[in-house]
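# Observations on the model geometry
The residues making up each chain are set out below.
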Amino acid sequence: MVVKVNNLVKRYGDLIALDHFNMDVEEGEILGLLGPNGCGKTTAINCILSLLEFDKGEIELFGRKMTPNSYDIKREIGMVPQEVAVFENLTVRENIDYFCGLYIDDKDKRAQYVKEAIEFVELESYVKFYPKKLSGGLKRRLNIACGIVHRPKLIFLDEPTVAVDAQSRNFILDGIKELNRSGSTIIYTTHYLEEAETLCNRIVIMDRGKNLVTGTKEELKAMITTTEKTIVGFAENKVEMVEKMRHIPHVIDIEEDEDDYIIKFENGVNNLMNLLEFIKENDLVYTKLYSQMPSLNDVFLELTGKELRD
C-alpha cells in the first residue's frame, strides 16, 4: 500500500473540511480523486503531504507514518499543483534544475535528470525561455517537469489540464500514462470526468469532506439506479407525451432538453424495444433516437445531487 488514510478529520473553526476521510492507494495505480469545489480534495492532499496539521486520523505513505519531518518519504513524492508554481526570474532549464536540486545532490545525476525531464515534456526548444514567454500549455508542461524531475515514486497531480488547449491537454494525459508505465503511482484530481474515465484505475468521489464511494468506473456505475439513458426527439412534441412515456416499463425519470427527451431507465431488458413499441402504438415519428450507458457524471450527480463543476 503506497497511501493509507484512516479517519482523517480537519476543522477550520466550526467548518469541518475533512469528515473522517478514508483513502487507500495501491502501488502502480492511477487513483482519481473527484469532487466539486470545496469538497476537501486539496485539503486532503495537503494533509497527506504534511503541509497541513489535522485534528484526527492516521496517514501512512509507503508503510510509514507521515510527519512534517519525514524527509526520507518526501524525497519519493512529486507534487504538481493546480496553480503554476515556478520562478518567473528563472529560465525553463533553471527552474527544472532548481527543483531537482531540492532532492538530488549528485551533480551528474542531477544534470541527467534535468535533461530527461526537459525531453519528457518536450521543452527542448524553450530551455532558455522565461515563464512569461510561454503559452499556458507550455507553462503546464514546465510545472509538470518541475514536479517529476527527481523521479518520484508517488505523484500528486492537481488539475493539471485546467485552462489548456486540446493539444496540450492530450499531450499532458499521454505523459501521465507514460509516468505510470514507468512505475509511478499517481493521485489525480480533475473536474473533467472523461479524463478520469480514460486514465484512472480506481476513482474516489468526495463530497463535504467525506469519501462517498471508491471503485473502478464499472463498479461505480453499477451502484446507481440509472442503467441506461435514451435520447429521443419527435417530429411533433405533444404536451401529454411525458406522462405517457412514464408508463413504459423501467422508466424512472424523463427530462426535457430543448426539443428532445432524455429517458432514464433502471435495471431491465428490452428498454429500447419497449420505447419503439410505444412510438408505434402512439403513431409517432421520431427524428432522433439513441441510447447511452451511464457515465461518471451520472454517478456523480446521483450520489451528490450536483454536477462536478458546481
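Residues numbered from 1 in each chain as written. Predicted model: local features only at pLDDT ≥ 70, side-chain atom pairs only at ≥ 80, totals over all residues. Heavy atoms only, no water.

### What about the overall build of the chain?
In terms of regular secondary structure, the chain is built from 11 helices and 14 strands. In terms of principal-axis extent, the alpha carbons of the chain reach across some 80 × 45 × 35 Å. Across the 310 residues that make up the chain, the buried fraction comes to 46%. If you sum the accessible surface of the chain, you get close to 15900 Å²; carbon and sulfur atoms cover 46% of it. Between the averaged position of the 39 positive side-chain charges in the chain and that of its 53 negative side-chain charges there is a distance of 7 Å. (Helix = DSSP H or I, 4+ residues; strand = E, 2+ residues; numbered from the N terminus. Buried < 20%, exposed > 50% of the residue type's maximum accessible area, 1.4 Å probe, protein only. Areas by Shrake-Rupley, 256 points an atom, 1.4 Å probe, with all protein chains shown as cover. Lys, Arg positive; Asp, Glu negative; His and termini not counted. Charge placed at Lys NZ, Arg CZ, Asp CG, Glu CD.)

### Describing the environment of Val251
Tracing the sequence through the fold places Val251 in strand S12 (residues 251–257). In this structure the C-alpha to C-alpha distance between Val251 and Asp207, which are 44 residues apart in sequence, comes to 28 Å. Sequence-distant contacts of Val251, defined by excluding residues within four places in its chain, comprise Met245, Arg246, Ile263, Lys264 and Phe265. (Contact = heavy atoms within 4.5 Å.)

### Comments concerning empty space enclosed by the protein
The full count for this structure, using the stated rule, is one cavity of 30 Å³ or more. Its boundaries defined by the atoms lining it, the largest cavity holds a volume of some 80 Å³. The wall of the largest cavity is formed by Phe120, Val121, Arg141, Ile144, Leu157, Phe171, Ile172, Gly175, Ile176 and Leu179. A per-element tally of the lining of the largest cavity places helix H6 (residues 166–181) first, with five residues. Classifying every residue of the lining of the largest cavity by side-chain character gives eight nonpolar, one polar and one charged. (1 Å grid on protein atoms, 1.4 Å probe; cavity = no way out; pocket = protein on both sides within 12 Å on 5 of 7 lines; lining within 4 Å. Points joined across faces, edges and corners; volume = space filled by probe spheres on them. Nonpolar A, V, L, I, M, F, W, Y, C, P; charged D, E, K, R; others polar.)

### Let's talk about unusual backbone geometry
In this structure, Glu122 takes a positive phi of about 55 degrees despite not being glycine. Among the secondary structure elements, Glu122 is positioned in the loop between helix H4 (107–120) and helix H5 (136–148). Given the relative accessible area of 46%, Glu122 is considered partly exposed. The phi dihedral of Arg208 is positive, around 55 degrees, even though this residue is not glycine. Take Arg208: it is sitting in the loop between strand S9 (202–207) and strand S10 (210–215). For Arg208, a relative accessible area of 65% corresponds to the exposed category.

### Remarks on the side chain of Ser184
The topology assignment puts Ser184 in the loop between H6 and strand S8 (185–189). Accessibility expressed as a relative area gives 8% for Ser184, which makes it buried. Excluding residues that lie within four positions of it along the chain, Ser184 makes contacts with Pro152, Lys153, Ile155 and Leu179.

### Some points on the layout of surface pockets
Looking at the largest pocket, its volume works out to about 380 Å³. Lining the largest pocket are 15 residues, with Leu49, Ile77, Gly78, Met79 and Tyr103 positioned closest to its centre. For the lining of the largest pocket, the secondary structure elements donating two or more residues are strand S6 (77–80) and H5. Residues of the lining of the largest pocket, tallied by class, amount to 10 nonpolar, four polar and one charged.

### Describing the packing of aromatic side chains
On inspection of all chains with the given rule, the structure shows five aromatic pairs. Seen from their ring centres, Tyr98 and Phe99 are 5.4 Å apart, and the 85 degrees between their planes marks the pair as edge-to-face. Relative accessible area serves as the criterion here: at 38%, Tyr98 is assigned to the partly exposed category. In this structure Phe99 comes out as buried when scored by relative accessible area, which is 18%. The rings of Phe87, Tyr98 and Phe99 are connected pair by pair, giving a single aromatic cluster. When the ring centre of Phe171 is taken as origin, the NZ or CZ atom of Arg141, which lies over that ring, is 3.8 Å away. Above the plane of the ring of Tyr192 lies Arg169, whose end atom (NZ or CZ) is 4.4 Å from the centre. (Phe/Tyr/Trp six-rings, centres within 6.5 Å; stacked < 30°, edge-to-face > 60°. Lys NZ or Arg CZ within 6 Å of the ring centre and 35° of its normal.)

### Topic: the nonpolar core
Nonpolar side chains in soluble globular proteins tend to end up buried together. Within the largest apolar cluster, 44 residues are counted, with the highest numbers of intra-cluster contacts made by Ile96, Leu142, Ile176, Ile186, Tyr188 and Ile203. Here this core takes six residues from H5, the largest share from any one element. The contacts of Leu142, once residues within four sequence positions are left out, are Val86, Val92, Asn95, Ile96, Leu123, Pro131 and Leu134. One finds Ile48, Leu61, Met66 and Leu154 within the second-largest nonpolar core, a separate group that totals 26 residues. (Core = buried A, V, L, I, M, F, W, Y, C linked by side-chain atoms within 4.5 Å.)

### Structural notes on the packing of H5 against H6
The interhelical angle for the contact between H5 and H6, taken along N-to-C directions, is 15 degrees, at an axis separation of 10 Å. The angle between H5 and H6 falls in the class roughly parallel. The handedness of the crossing between H5 and H6 is right-handed. From H5, Gly137, Arg140, Arg141, Ile144 and Ile148 reach across to H6, where they touch Ser168, Phe171, Ile172 and Leu179. Residues belonging to the contact of H5 with H6 are distributed by class as follows: five nonpolar, two polar and two charged. (Axes fitted to C-alpha atoms, helices over the stretch in contact; angles between N-to-C directions. Parallel < 35°, antiparallel > 145°, perpendicular 65-115°, else oblique. Left-handed = near helix turned anticlockwise from the far one by under 90°.)

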